[in-house]
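Close look at the chain arrangement
This is what each chain is made of:
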Amino acid sequence: MGHKIGKPICFGSLRQSAVKSTRRASVPLSADRYCSTHTSRTCSAPPKHQINNKPSFVKEFSTTNNIMSLHVKARCEIYPRTKDVKRCPVPDDKVPWNVDFLEYAPVEFTSATVLSQPEWADPVDPSGIEFNCIDKSNNVDRRSYEGDFAVIDGYPRNPRGRTGVTGRGSLGRWGPNHAADPIVTRWKRDDKNSKVLAHDGKPILQFVAVQRRDCGEWALPGGMVNPGENRTATLMREFGEEALNSLEATDEQKIRINKVLFDFFQAGHTIYRGYVDDPRNTDNVWMETKAINFHDESGKGVGAFNLHAGDDAADVQWMDIDSSLKLYASHIDFIRSTVDHLKAHW
Ligand code: RP5
């Protein structure tokens, strides 16, 4: 969890609709407590049951080592950390851009924090940005794991389809916002240090889960890739800050943590790279990640560390994995693939 988002609170202003094909709202800015661009118009909402009923013709998206279905959390009703930014409902069959949706009238929203242009955010106007390449002027990777994405009148378009919101929401970068997620695992063990087996005879896997401060959901301790940073460095930094509270460690503790993490994070297994079904996504910005599994087979290395929540994490724990888990964004898909990879109980 990298960017400190959702800080209060002032009033924003209207700006041009981010997607030309989207009819622009003409109502004044709502005097809500979010410093944002936030415009809305009535759009004909489909009956609620249509939103989650995936018609059989809807394509499943193939990604590295994984199948991710149509984005769902990126169409959640209320935009995260707002009270009244309501997405225009998008039924499953209207998600792909190549399906006509004439009534589509997305709400436009960019948070106050993003508009204030902190160092991790792009300018309001994306017209000077070159997409689908590495942006050398800022050292920002503007490429997508999904391949080249469309840029309509200067505005990048979400490769997974409509979300019901335009603008940047609470994400800083136009287009892909790159993150890295460490999936740190060990076997659950009993008092005698034997692996604990589930009823199916398979060993139970545990992973390091953090509770996000922004929404209270459990998640992988991932975070945004800083400009110019390689992903291993991001993984180590985020894991150290969120799961080991390295920001508040003494110098001596920091040296020890970094030494163990440096060795441990050398040999990972890539579980996934691609689009994340994150609730902050909009038609113009979206999360992408590389999720890498680091497994402590003996449980004597990182598996023996005492965890301490830090930075954006409210809590941290070694969490047992099974099919009943509910996690932030599409993290459950990454965990499921890790279970398959390590032949663990699900
Ligand atoms: C998710 O958001 C990624 O998978 C990653 O875990 C996280 C990065 O965002 P922050 O936690 O930095 O807000 O989409």
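What this report covers is the structure whose coordinates are included nearby. (Residues numbered from 1 in each chain as written. Predicted model: local features only at pLDDT ≥ 70, side-chain atom pairs only at ≥ 80, totals over all residues. Heavy atoms only, no water.)

Some words on the nonpolar core
The condition that has to hold: Remark: nonpolar core denotes a set of buried residues (Ala, Val, Leu, Ile, Met, Phe, Trp, Tyr, Cys) joined through side-chain atoms within 4.5 Å. Relative accessibility decides the category of a residue: with a 1.4 Å probe and only protein chains considered, values under 20% of the type maximum give buried, values over 50% give exposed, and everything between is partly exposed. For helices the rule is a DSSP run of H or I covering at least 4 residues; for strands it is a run of E covering at least 2, with both sets numbered from the N terminus onward. Two residues form a contact once any of their heavy atoms are found within 4.5 Å.
If you look at the biggest cluster of nonpolar residues, it comprises 36 residues, and the most contacted ones within it are Ile 183, Phe 207, Ile 321, Leu 325, Phe 334 and Ile 335. When contributions to this core are tallied by element, the ones reaching two or more residues are β10 (175-187), β11 (205-212), β12 (218-219), β14 (269-276), β15 (285-296) and α5 (331-342). When sequence neighbours within four positions are dropped, the list of residues in contact with Ile 335 reads Ile 183, Phe 207, Leu 220, Ile 321, Leu 325, Leu 327 and Trp 346. In terms of nonpolar packing, the next biggest core, distinct from the first, is built from 23 residues, Met 236, Ala 243, Leu 244 and Ala 313 among them.

Considering the packing of aromatic side chains
Applied cut-off: For Phe, Tyr and Trp, where Trp contributes only its six-membered ring, two rings pair if their centres lie within 6.5 Å, and the inter-plane angle classes them as stacked under 30 degrees, edge-to-face over 60, or tilted in between.
If you walk through the whole model with that rule in mind, you get eleven aromatic pairs. Ring geometry for Phe 149 versus Trp 286: centroids 5.1 Å apart, planes at 85°, classification edge-to-face. With Phe 149 in the loop between β6 (140-141) and β7 (151-152) and Trp 286 in strand β15, the pair connects residues that are 137 residues apart, well separated along the chain. As far as the burial class goes, Phe 149 and Trp 286 line up, both buried. Geometrically, the ring pair formed by Phe 264 and Phe 294 is tilted, given 6.1 Å between the ring centres and 45° between the ring planes. Taken together, the residues span a long stretch of sequence, with Phe 264 in helix α4 (residues 251-264) and Phe 294 in strand β15 at a distance of 30 residues. A relative accessible area of 15% places Phe 264 in the buried class. Assessed through its relative accessible area of 1%, Phe 294 is described here as buried.

Some words on helix α3 (residues 231-243)
Our working rule: Multiplying one less than the number of residues by 1.5 Å gives the expected span of a helix. As used in this structure description, the phrase polar contact means that two N or O atoms lie within 3.5 Å; if the pair is within protein, one of them must be able to donate a hydrogen and the other to accept it, and residues adjacent in sequence are counted only when both atoms belong to side chains.
Over its 13 residues, α3 runs 17 Å from end to end, which matches the ideal 18 Å to within 8%, given 1.5 Å per residue. Most of α3 sits out of view: ten of its 13 residues are buried. Between a side-chain oxygen at the N-terminus of α3 and the backbone nitrogen of Thr 232 the separation is 3.0 Å; the capping residue is Asn 230.

Focus: the environment of Asp 296
Of note, Asp 296 is situated in strand β15. Assessed through its relative accessible area of 7%, Asp 296 is described here as buried. Sequence-wise, Asp 296 and Val 184 are 112 residues apart; in three dimensions their C-alpha atoms are separated by 7.7 Å. Sequence-distant contacts of Asp 296, that is, excluding residues within four places in its chain, are made with Thr 185, Arg 186, Phe 264, Gly 301, Val 302, Gly 303 and Ala 304.

Some points on the packing of α3 against α4
This is how the line gets drawn: Lines are fitted to the C-alpha atoms to define the axes, a helix being fitted only along its stretch in contact, and any angle between axes, read from their N-to-C directions, falls within 0 to 180 degrees. Every angle not falling under 35 degrees, over 145, or within 65 to 115 is termed oblique; those three ranges are roughly parallel, roughly antiparallel and roughly perpendicular. Throughout, a crossing is termed right-handed when the near helix is turned clockwise from the far one, and left-handed when it is turned anticlockwise from it by less than a right angle. Side-chain classes are defined by residue name, with Ala, Val, Leu, Ile, Met, Phe, Trp, Tyr, Cys and Pro counting as nonpolar, Asp, Glu, Lys and Arg as charged, and the others, Gly among them, as polar.
As a packed pair, α3 and α4 sit with axes 10 Å apart at the nearest point and diverge in direction by 135°. With respect to their mutual orientation, α3 and α4 come out oblique. You can see that α3 and α4 cross each other, and the crossing is right-handed. When α3 is examined against α4, the residues Met 236, Phe 239 and Gly 240 are found in contact with a partner set consisting of Asn 258, Leu 261 and Phe 262. Residue composition of the contact of α3 with α4, grouped by class: four nonpolar, two polar and no charged.

Details of α5
A rise of 1.5 Å per residue sets the reference length of α5, with its twelve residues, at 16 Å; its end C-alpha atoms lie 17 Å apart and thus fit the reference within 8%. Those residues of α5 not exposed but buried are His 331, Phe 334, Ile 335, Ser 337, Thr 338, Val 339 and Leu 342. Directly beyond the C-terminal end of α5, a positive phi value near 55° is found at Lys 343.

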